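Listed here are the chains, written in short residue letters.
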Amino acid sequence: MNLIDQTFAGLKANGQTALIPFLTIGDPDVDTSVEIIATLEAAGADIVELGVPYSDPLADGPVIQRASQRALKHQVNIATCMEAALKARTAGVKLPFILFTYYNPVLQFGMDRFFAEVKKHDISGLIIPDLPVEESEELTRLAEAAGVHVIPLVAPTSKERIKSIAAGAKGFVYCVSSLGVTGERSSFFEGVEDFIAQVKAYTDVPAAVGFGISSAEQAAKFARICDGVVIGSAIVRKIEEAIPLLQNPDTRQEGLLQIREFVSQLKT
């Protein structure tokens, strides 16, 4: 069984909701990213999204764009991100890894080679926000052969496509809670609860909600109506704020502690 499925099954048995943080690998550097992954697990994260820095991130808001720019200065690429996952696993991290990347880096890497490396580096899932479900047949076939779940994104604007997207989902369905790009928000679009209920009516796999969730209060609200909560920009911003501490050996642990405390609050 895929590690994502095992994780959701265990959480469901205990009446819990998955906390799924996102970070940009290589921000501020790869070794620190590996330590942050371990910190996220220690804080109560259940699954982690490993963001591949990209020069034209169409779905990402300014916070994650800045993180990508910092990582790209260190020549971080899709191979680097997979190596970071393996380093974290070697360091003892047990939670599932989802690689968040755009389609072009996968295509440039080579599909067969990409999935061989994904499997080798113990990646459990993929999120590719610019690849429509209707055009993902080959990638999905290769992913299934490698035992990897391709996590679909579904938005309120998907309308009549919601049923077909949700019905074929593996791992979980990523429900986009807000229109536009990622980023912290104080409110969400009207009808978000009905939208999530509609998605859940079309599939037996878990439904997780992301885009804009940035506080413990917002996470708690969505935890009551879904199976997982994805938090990206708020965590990436916390990492950004902690960079001066993280880059100083004398204050590095203090920086990691600040990230851990923030994520722990989201979990509770």
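The rules behind each value
Residues numbered from 1 in each chain as written. Predicted model: local features only at pLDDT ≥ 70, side-chain atom pairs only at ≥ 80, totals over all residues. Heavy atoms only, no water. pLDDT = per-residue confidence, 0-100. Contact = heavy atoms within 4.5 Å. Helix = DSSP H or I, 4+ residues; strand = E, 2+ residues; numbered from the N terminus. Buried < 20%, exposed > 50% of the residue type's maximum accessible area, 1.4 Å probe, protein only. Disulfide = S-S within 2.5 Å. Pairing = 2+ DSSP bridges.

Undergrad: Just to check I follow, could you spell out the confidence of the model for the chain for this structure?
TA: Reading predicted coordinates in detail is not appropriate for stretches of low pLDDT. The pLDDT averaged across the chain works out to 91; a share of 94% of its residues lies at or above 70. In the predicted structure, residues 180-186 sits below a pLDDT of 50 and forms 29 contacts with residues beyond four places in sequence or in another chain.

Undergrad: Please clarify how unusual backbone geometry should be interpreted in this entry.
TA: The phi torsion of most residues other than glycine is negative, and most of the peptide bonds are trans. Cis geometry is found at the peptide bond from Asp-27 to Pro-28, where omega equals 5°. Summarising the element assignment, Pro-28 is placed in the loop between β1 (18-24) and α2 (30-42). A positive phi is found at Gln-75, a non-glycine position, where the angle reads about 65°. Within the secondary structure, Gln-75 sits in the loop between α3 (62-72) and α4 (78-90). Positive phi, normally seen in glycine, also occurs at Asp-122, with a value near 60°. Within the secondary structure, Asp-122 is located in the loop between α6 (111-120) and β4 (125-127). Classification of Asp-122 by relative accessible area gives partly exposed; the value is 34%.

Undergrad: Is there a simple way to explain the state of the cysteines in this structure?
TA: Here, the word disulfide means a covalent bond between the sulfur atoms of two cysteines. Here the structure, examined in full by the defined rule, presents zero disulfides. Cysteine Cys-175 remains unbridged, with the sulfur of Cys-226 as its closest cysteine sulfur at 7.6 Å. A relative accessible area of 1% places Cys-175 in the buried class. Cys-226 sits in the buried class, given a relative accessible area of 5%.

Undergrad: Teacher, can you tell me more about the environment of Glu-49 here?
TA: Structurally, the position occupied by Glu-49 is in strand β2 (residues 48-51). With sequence-adjacent residues up to four places away left out, Glu-49 is seen in contact with Ile-20, Pro-21, Phe-22, Leu-23, Ile-98, Phe-100, Ile-127, Tyr-174 and Val-230.

Undergrad: Sorry, what's going on with the sheet that holds strand β9 (residues 228-231) here?
TA: In a beta sheet, neighbouring strands pair by backbone hydrogen bonds and run either parallel or antiparallel. Pairing in this open sheet of nine strands is parallel, and the strands run β5-β4-β3-β2-β1-β9-β8-β7-β6 from one edge to the other. For this open sheet the edge positions go to β5 (149-150) and β6 (153-154), each flanked by a neighbour on one side alone. Pairing between β4 and β5: two bridges, direction parallel. What sits directly across from Leu-126, in β5, is Val-150.

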